[in-house]
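Architecture at a glance
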Amino acid sequence: MASKITQKGFEKILREGLEKPHNLGDKLYLVIRGNSRTFSFRYTKNKQTRKYSLGAYHPQSNTLADARKYAIELNSMLAQDRDPHEEKQVKIDLKQEAKKKREETDRRLQSTFQKVAYETIDAREPTWADPKARQTWENTLRVYAFPVIGHLPVSEIETEHIVKILGPIWHTKYPTAKKLRQRMEAVFSRAIYYKLRPANNPAAYKDNLEIPLGKSNHTVKSQPALNYKQLPEFMRELRKRDGMGARGLEFLILNANRTTEVRKARWSELDFDKKLWVIPVEAGRLGKTKKSHIVPLSSRSIELLLILRENMISEYVFPNSRSNNHLSDGGMLTVVNRMHKERGWVD
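None of these values were measured; they are calculated from a predicted model.

Things to note about the side chain of N257
- Within the secondary structure layout, N257 lies in the loop between α10 (244–255) and α11 (259–263).
- At 2.9 Å, the side chain of N257 forms a polar contact with the side chain of E261.
- Once you skip the residues sitting within four places of it in the chain, N257 turns out to touch F251, L252, V262, W277, I279, H293 and V295.

A word on the sheet that holds strand β2 (residues 28–33)
- Read from one edge of the open sheet, four strands run β1-β2-β3-β4, paired in antiparallel fashion. Each having just a single partner strand, β1 (21–25) and β4 (48–56) make up the two edges of the open sheet. Ignoring strand direction, the axes of neighbouring strands in this sheet form an average angle of 30°.
- Summarising the sheet, strand β3 (residues 36–45) and β4 pair through seven bridges and their orientation is antiparallel. In the strand pairing of β4, T44 is matched with T49.
- Helix α1 (residues 7–16) contacts β1, β2 and β3 of the sheet and is inclined by roughly 20° relative to β2.
- Its contacts with the sheet place helix α2 (residues 64–79) against β1, β2, β3 and β4, and it is angled at close to 15° to β3.

Points about the packing of α10 against helix α12 (residues 299–309)
- Two elements in contact, α10 and α12, have axes separated by 10 Å at closest approach and are oriented at 155°. When the axis of α10 is compared with that of α12, the two are roughly antiparallel. Considering the relative orientation of α10 and α12, their crossing is left-handed. Contacts from M244, R247, E250, F251, L254 and N255 in α10 reach R300, S301, L304, L305 and L308 in α12.
- For the contact of α10 with α12, the class distribution of residues is six nonpolar, two polar and three charged.

Description of the sheet that holds strand β7 (residues 293–296)
- If you walk across this open sheet you meet the three strands as β5-β6-β7, and the pairing is antiparallel. Of all the strands in the sheet, just β5 (270–271) and β7 have a single pairing partner and so form its edges.
- Pairing between strand β6 (residues 276–279) and β7: four bridges, direction antiparallel. Within the sheet, the bridge partner assigned to W277 lies in β7 and is V295.

With respect to the nonpolar core
- In terms of nonpolar packing, the biggest core is built from 28 residues, with F113, L141, I149, I162, L166, M184 and F188 touching the most fellow members.
- Only α4 (113–124), α5 (133–150), α6 (159–166), α7 (174–193) and α8 (205–213) provide two or more residues apiece to this core.
- Of all the elements, α7 adds the most residues to this core, at seven residues.
- Leaving out residues up to four positions away in the same chain, M184 has contacts with F113, L141, A145, I149, I162, I165, L166 and A203.
- In this structure, A265, L304, V317 and M332 belong to the second largest nonpolar core, which totals 26 residues.

Overview of the packing of α10 against helix α13 (residues 330–343)
- Where α10 meets α13, the closest approach of the two axes is 8 Å, and the angle between their N-to-C directions is 90°. As summarised for this structure, α10 and α13 are arranged roughly perpendicular, according to the angle between their axes. For the pair α10 and α13, the contacting residues are G245, A246, G248, L249 and L252 in the first and G331, M332, V335 and V336 in the second.
- Split into classes, the residues belonging to the contact of α10 with α13 amount to six nonpolar, three polar and no charged.

A look at the packing of aromatic side chains
- If you walk through the whole model with that rule in mind, you get 13 aromatic pairs.
- Relative to F146, the ring of F113 lies with its centre 6.2 Å away and its plane at 70°, an arrangement referred to as edge-to-face. Separated by 33 residues along the polypeptide, F113 in helix α4 and F146 in helix α5 bring together distant segments of the chain.
- A residue is classified by how much of its surface remains accessible, and F146, at 10% relative accessible area, is buried.
- Consider the rings of F251 and F318, whose centres lie 5.4 Å apart with planes at 50°: the pair is tilted. In this pair, F251 sits in helix α10 while F318 sits in the loop between α12 and α13, placing the two residues 67 residues apart along the sequence.

Regarding the environment of K88
- Note that K88 resides in helix α3 (residues 84–110).
- A relative accessible area of 33% means that K88 is categorised as partly exposed.
- C-alpha separation for the pair K88 and I294, spaced 206 residues apart in sequence, amounts to 72 Å.

What to know about α10
- Here α10 is 12 residues long and its end C-alpha atoms lie 17 Å apart, about the 16 Å a rise of 1.5 Å per residue gives.
- The buried count for α10 comes to nine of 12 residues, which makes it a mostly enclosed element.
- Buried within α10 are the following residues: G245, A246, R247, G248, L249, E250, F251, L252 and N255.
- Along its buried surface, α10 packs onto α9 (231–239), α11, β6, β7, α12 and α13.

Quick word on unusual backbone geometry
- Its identity is not glycine, yet D81 carries a phi of approximately 60°, on the positive side.
- Take D81: it is sitting in the loop between α2 and α3.
- Take D81: its relative accessible area is 60%, and that puts it in the exposed class.

The rules we used
- Residues numbered from 1 in each chain as written.
- Predicted model: local features only at pLDDT ≥ 70, side-chain atom pairs only at ≥ 80, totals over all residues.
- Heavy atoms only, no water.
- Helix = DSSP H or I, 4+ residues; strand = E, 2+ residues; numbered from the N terminus.
- Polar contact = N/O pair within 3.5 Å; in protein donor to acceptor, adjacent residues only side chain to side chain.
- Contact = heavy atoms within 4.5 Å.
- Pairing = 2+ DSSP bridges.
- Axes fitted to C-alpha atoms, helices over the stretch in contact; angles between N-to-C directions.
- Parallel < 35°, antiparallel > 145°, perpendicular 65-115°, else oblique.
- Left-handed = near helix turned anticlockwise from the far one by under 90°.
- Nonpolar A, V, L, I, M, F, W, Y, C, P; charged D, E, K, R; others polar.
- Core = buried A, V, L, I, M, F, W, Y, C linked by side-chain atoms within 4.5 Å.
- Buried < 20%, exposed > 50% of the residue type's maximum accessible area, 1.4 Å probe, protein only.
- Phe/Tyr/Trp six-rings, centres within 6.5 Å; stacked < 30°, edge-to-face > 60°.
- Expected span 1.5 Å × (residues − 1).

Below you can see the structure in the form of structure tokens.
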């Protein structure tokens, strides 16, 4: 067993700079390699020699005396059958775990409802056919949810917060409240998936919100409708009316289309030989469908189109005469309202 090297002996080793591990006693070594001077603790455990670095020598912050203190502690561990390397790794693991928990806590605190809501909207937007879907999501959340929970971390939001949001409109504005609840539920589902909150969704309805909110007393109000027995007479009256709105409405009824499909109909979509109208997939035109819509055209539809083609002024079949753009939203509705006012067509 090597005797302890004195301070003078240590200084001599430093001056000579011989490149090798210098035994300083008590398993403590100074390893010289080039310009490097590093303290090392070397020991044998379970017939395996191990090295434990004690850092680079420094005349102020890591002296021989400092290194000997570390060596005494490590020798004490060995005397208790404890492995310095294993204990060091445990400390490293604990430190890393503590750091991970701090980062996780910070991440949760930074993940406010508003932040996760916009992440949810961004993730879902590519799947929406309706170009106004993002705006409606943002509007309902901004008006009702953000003022109450927008600033709160999603991990801290409870059912009571959701009741505070939905309670005032649950019976008075049920359609809005229903969509709002579904959208908040989607936001919390995302938060749960990414482990930003516990696995309980505070916006879920069944066995949750249904208890404090109850069943809505909202009743669906049917839209005014024309009695089918009056349809022939209505169509005869409609054909007598001039204007692109009347022609668009007639074409819509003949082919059972949405107003947007008809308003934005283009001549290029029509095949007069095959008597077909192929409506392409276009944002906001075909609803949620991802396929083009093929409409077989009746003889009256073809007749109407041929008349319109004689005075074609735009790429659109039913143009707005003032701009040559397609017919406006109110073009056909104005015709219906005027006819109803004159004759009281709808129930």
